[in-house]
Amino acid sequence: MRILFKTIKRTPLTVLLFLLTAFSAAAQFPVRTVYHYPTVQPPAEIRYMDGRVDHYAIKRIAKDVMRVELGNDQSTRIPLTFVESIRFQDGCTLYFDQGELQFDRLVQPAWLKNEAGDAVLEGVLKLSGPQAESLMGPDLYRQFRKHSGLTLAGSITMATGVLMLVPYMGQAVSFIAGGEKAAPIGAFKAMRPLGKGVTIAGGTAILAGLVIYIIGNQGGNRVVATYNEGLGLAYTF
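Worth saying up front: this structure is predicted, and the values here are computed from it rather than measured. (Residues numbered from 1 in each chain as written. Predicted model: local features only at pLDDT ≥ 70, side-chain atom pairs only at ≥ 80, totals over all residues. Heavy atoms only, no water.)

What follows covers the sheet that holds strand 9 (residues 118-121). Each strand in a sheet pairs with another by means of backbone hydrogen bonds, the pair being arranged parallel or else antiparallel. Taking strand neighbours across the sheet as the criterion, the 3 strands line up as 8-9-10 in an open arrangement whose pairing is antiparallel. The strands lining the two open edges of the sheet, one partner per strand, are strand 8 (112-115) and strand 10 (125-126). (Pairing = 2+ DSSP bridges. Helix = DSSP H or I, 4+ residues; strand = E, 2+ residues; numbered from the N terminus.)

Now the structure itself:
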């Protein structure tokens, strides 16, 4: 952490402004956002309501459907109303009734993953607060919630910083489009004192938010690792 702060302190303002301008320029073009979750390996045993059994690597379980990997980068969605149970390789088994997870029938052990402040069962199913607490226990869950709050605060702080930089980024993009030399610095110098102050505050908020986010997320990882070690699970997905 000390090294991170030293690096931030020594970074010239011009470099920060240049990086922010680069991000703003990229934002002018349409971007296709791809939400990818690491696939759970090896495949889980999926039992259907009609008695059929399949073995698929699960990518994500949502409210109504789950996405499974078919191979060759192909995947498909399976409605949870078709599913009776899912058994993972560590023995954790989920049961469903008309698409609803029967959490009280969960068969242990249940491996958890921290995902940006959320407790995710077997790396594929986001748990509610009470569900996570019932698995971790009150003491560990209290620690997890504290770190989860830090992670959220870091995310909000970074988002606020980005919003504060919008005026500068817009002006920087116009300078670049106009062929101005040293556009990042020129755009900053052309701003009024209030605009400069907001820009600097925005950059500071992004850096501070990033630090808070890292601290919170790493703390959540440690809590989840402590829980998983208590299960005797020595592998990760």
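Our focus in this paragraph is the pairing of strand 8. Pairing of strand 8 with strand 9, which is carried by 4 bridges, proceeds in the antiparallel orientation. Bridge pairing in strand 9 links Glu115 to Asp118. Between strand 8 and strand 9, which pair antiparallel in sequence order, lie 2 residues; one of them, Ala116, sits at a positive phi of approximately 55°.

Our focus in this paragraph is unusual backbone geometry. Apart from glycine, the bulk of residues carry a negative phi angle, and the bulk of peptide bonds sit in the trans form. Gln108 connects to Pro109 through a cis peptide bond whose omega is 0°. Examined against the element boundaries, Pro109 turns out to sit in the loop between strand 7 (100-101) and strand 8. Despite not being glycine, Ala116 has its phi angle at roughly 55°, a positive value. Classification of Ala116 as partly exposed rests on a relative accessible area of 43%. (Buried < 20%, exposed > 50% of the residue type's maximum accessible area, 1.4 Å probe, protein only.)

With 33 residues, the main nonpolar core has Met66 and Leu121 as its most contacted residues. Dropping the residues within four chain positions of it, Met66 is found in contact with Ile46, Ile58, Arg60, Ile61, Thr76, Arg77, Ile78, Leu80, Val83 and Ile86. Ranked by size, the runner-up nonpolar core spans 8 residues in total, among them Tyr168, Ala187, Met191 and Ile206. (Core = buried A, V, L, I, M, F, W, Y, C linked by side-chain atoms within 4.5 Å. Contact = heavy atoms within 4.5 Å.)

Spatially, the 7 strands line up as an open sheet ordered 4-3-2-1-5-6-7, and their pairing is antiparallel. Looking at the sheet topology across the chains shown, the edges are occupied by strand 4 (74-79) and strand 7. In the sheet, strand 1 (residues 44-48) pairs with strand 2 (residues 53-61) via 4 bridges, with the strands oriented antiparallel. The residue of strand 2 that forms the bridge with Ala44 is Tyr56.

To continue, consider helix 6 (residues 183-190). Among the residues making up helix 6, those that are buried are Ala183, Pro184, Ala187 and Phe188. Taken down its axis, helix 6 places every buried residue within 135° of arc, on the same side. (Arc of directions from axis to C-beta.)

Applying the stated criterion across every chain yields a total of 6 salt bridges. Here Arg47 makes a salt bridge to Glu45, at a shortest N to O gap of 3.2 Å. Several salt bridges share partner residues, and in doing so they unite Asp50, Arg52 and Asp54 into one network. (Salt bridge = Lys/Arg side-chain N within 4 Å of Asp/Glu carboxyl O.)

In contact at an axis separation of 4 Å, helix 4 (residues 138-164) and helix 5 (residues 166-177) are set at 45° when each is read in the N-to-C sense. The orientation of helix 4 with respect to helix 5, classified from their angle, is oblique. Along its contact with helix 4, which presents Val162, Leu163 and Met164, the element helix 5 presents Val166, Pro167 and Met169. Grouping the amino acids of the contact of helix 4 with helix 5 by side-chain chemistry returns 6 nonpolar, no polar and no charged. (Axes fitted to C-alpha atoms, helices over the stretch in contact; angles between N-to-C directions. Parallel < 35°, antiparallel > 145°, perpendicular 65-115°, else oblique. Nonpolar A, V, L, I, M, F, W, Y, C, P; charged D, E, K, R; others polar.)

As a further point, take the packing of aromatic side chains. Enumeration over the complete set of coordinates arrives at 0 aromatic pairs. Lying across the ring of Tyr95, Arg105 places its NZ or CZ 4.2 Å from the centre. A cation over an aromatic ring shows up here: Lys196 above the ring of Phe188, its NZ or CZ 5.9 Å from the ring centre. (Phe/Tyr/Trp six-rings, centres within 6.5 Å; stacked < 30°, edge-to-face > 60°. Lys NZ or Arg CZ within 6 Å of the ring centre and 35° of its normal.)

Moving on to the environment of Val223. In this fold, Val223 is placed in helix 7 (residues 193-231). With a relative accessible area of 4%, Val223 lands in the buried category. In sequence terms Val223 and Leu140 are 83 residues apart; their C-alpha atoms lie 6.6 Å from each other.

This part takes up the packing of helix 5 against helix 6. Packing of helix 5 against helix 6 leaves a shortest axis separation of 8 Å and a crossing angle of 125°. Accordingly, the angle class assigned to the pair helix 5 and helix 6 is oblique. The handedness of the crossing between helix 5 and helix 6 is right-handed. Across the interface between the two elements, Tyr168, Gln171, Ala172, Phe175 and Ile176 of helix 5 pack against Ala183, Pro184, Gly186, Ala187, Phe188 and Ala190 of helix 6. Of the residues assigned to the contact of helix 5 with helix 6, the class counts are 9 nonpolar, 2 polar and no charged. (Left-handed = near helix turned anticlockwise from the far one by under 90°.)

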